[in-house]
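Fold and contact review
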Amino acid sequence: MHILVTGGMGFIGSNFIRYHLKHYPQDEVINLDLLSYAANQLSLADITQLNYHFYQGSINDLTLVQEIVQQHQISLIINFAGESDVDRSLTKSDVFVQTNVAGVNNLINVALKENIPRFIQISTDEVYGSLPALEFAAEDAPLNPSSPYSATKASAELLLLAAKKSYQLGINIIRSANNYGPRQYQEKLIPKAIIAFLKGNEIPLFGKGLETRDWLYVNDNIRAIETVIHSGKIGEIYNVGTQKELSNFAVLQAIAKNLSGDSSLIRFTRQRPGHDQRYGVQTAKIKELGWQPEVDFGLGIKKTVTWYQTNRSWWDDKNYR
Ligand SMILES: NC(=O)c1ccc[n+]([C@@H]2O[C@H](COP(=O)([O-])OP(=O)(O)OC[C@H]3O[C@@H](n4cnc5c(N)ncnc54)[C@H](O)[C@@H]3O)[C@@H](O)[C@H]2O)c1
């Protein structure tokens, strides 16, 4: 298989590439990444296999994407490329529309023109919006995004579903819960808190930290993507999550405990505009394909904390990209 991975220098994409090259050494993996502020080339610096190629560039660059697809006879696109930070989207929505919507539209156009049989879009549980306690959205629940970020992810999904209906593009959409684990840029809650505890800095937390999230260890998400590649039904949407949840405050307490950190460093700040109280996804559909999460939060956060402790140069490097 010849796979175009877009956004492969980011958090989930780089973990996917590492896993895929290890388990499927016969596949060719092409990584196209713009190297935005969130990318870190150290994530894949040790990958020297000849079946891995990196191109710096944008999914919005039609000519470049088309050249890559033709040169490498791409048969599968997995799109991880995106602007992924909710807080940034609240003040810089333009770049979210450009990358998350126009960029995906561009990839769809190339996929159709070059007859690429499969396109897997990495989406998010945030497209369902905030849900009441104990409610879990199934894949056919309405889209109800709250932030510019989740609105652009939902828009991209609609473009893909339209391409499926109009041109029979072989799509899958994976809506995953909040990922955490090694190689996540430090603007996100878990790496931000680990690094702040390690440095003895204050850790800002919105409101009272009572919002809850379903925390999915990144390798569990990678195995879900692997499952969809091999057993997913073309055209289908799959939710991925643990169906367990923790408040943001409880997450910070768990990190503090693992680091013998000082919980008094947590500082409550003003609430985020439109802050969703809770997400929840039903995962029966992907479980029918044989997937289930393997790493519970206690173990996952321990592994994550240890990784940041032992890979300081990854996050402390002045030349981050
Ligand atoms: N992190 C999560 O918890 C989570 C959960 C569900 C879904 N997602 C989705 O998964 C995808 C990956 O998330 P992540 O956390 O790895 O994000 P990330 O911010 O760590 O990485 C995104 C990558 O995309 C690249 N990129 C940005 N614009 C690009 C462009 N125009 N062309 C090519 N590359 C571009 C960046 O350089 C970066 O390497 C995103 O689309 C996000 O919406 C993330």
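Our subject in this report is the structure included herewith. (Residues numbered from 1 in each chain as written. Predicted model: local features only at pLDDT ≥ 70, side-chain atom pairs only at ≥ 80, totals over all residues.)

**Concerning the site of the ligand**
Using the following cut-off: In this analysis a residue is considered near a molecule or strand if the C-beta atom, reconstructed from its backbone, is found within 6 Å of that molecule or strand. Secondary structure counts use DSSP, requiring at least four H or I residues in a row for a helix and at least two E residues in a row for a strand, with both numbered from the N terminus. Basically, the charged four are Asp, Glu, Lys and Arg, the nonpolar ten are Ala, Val, Leu, Ile, Met, Phe, Trp, Tyr, Cys and Pro, and anything else, Gly included, counts as polar.
The full set close to the ligand counts 30 residues, and G7, G10, A38, A39 and G82 are the nearest of them. Elements with a contribution of two residues or more to the shell around the ligand: α1 (11-23), β2 (28-33), α4 (93-113), β5 (118-124) and β7 (178-180). Counting residues per element, the shell around the ligand draws most heavily on α1, at three residues. For the shell around the ligand, the class distribution of residues is 13 nonpolar, 15 polar and two charged.

**Here's the deal with the sheet that holds β5**
As a reminder of what qualifies: What makes two strands pair is DSSP finding at least two bridges between them. Whenever a helix is involved, its axis is fitted only over the stretch in contact; in every case the axis is a line through C-alpha atoms, and angles between N-to-C directions fall within 0 to 180 degrees.
Here seven strands make up an open sheet; going across it, the order is β3-β2-β1-β4-β5-β6-β11 and the pairing parallel. For this open sheet the edge positions go to β3 (52-56) and β11 (237-240), each flanked by a neighbour on one side alone. Between one strand axis and the next, the sheet turns by 20 degrees as a mean value, whatever way the strands run. Pairing geometry for strand β1 (residues 2-6) and strand β4 (residues 76-79), over four bridges, is parallel. Residue pairing across strands places L4 opposite I77, the latter belonging to β4.

**Observations concerning the nonpolar core**
Rules: Put simply, a nonpolar core is a cluster of buried Ala, Val, Leu, Ile, Met, Phe, Trp, Tyr and Cys residues tied together by C-beta atoms within 7 Å. Put plainly, a residue is buried at 20 or more neighbouring C-beta atoms within 10 Å of its own, exposed at 12 or fewer, and partly exposed in between, counting only other residues' C-beta atoms, which are placed from the backbone. In this description, a residue-residue contact is defined by the distance between C-beta atoms placed from the backbone, which must lie within 7 Å.
Ranked by internal contacts, the top residues of the largest apolar core, which has 80 residues, are V5, I174, A193 and I255. Considering every element that reaches this core, the biggest residue donor is helix α6 (residues 189-199), with six residues. Filtering out sequence-adjacent residues up to four positions away, I255 remains in contact with I190, A193, I194, F197, G261, I301 and V305.

**So, the pairing of β11**
Residues I237 and N239 line one face of β11 and the alternating positions Y238 and V240 line the opposite face, and both faces are buried. Bridge count between strand β6 (residues 171-176) and β11: four bridges; the pairing is parallel. Following the sheet pairing, I174 is matched in β11 by Y238.

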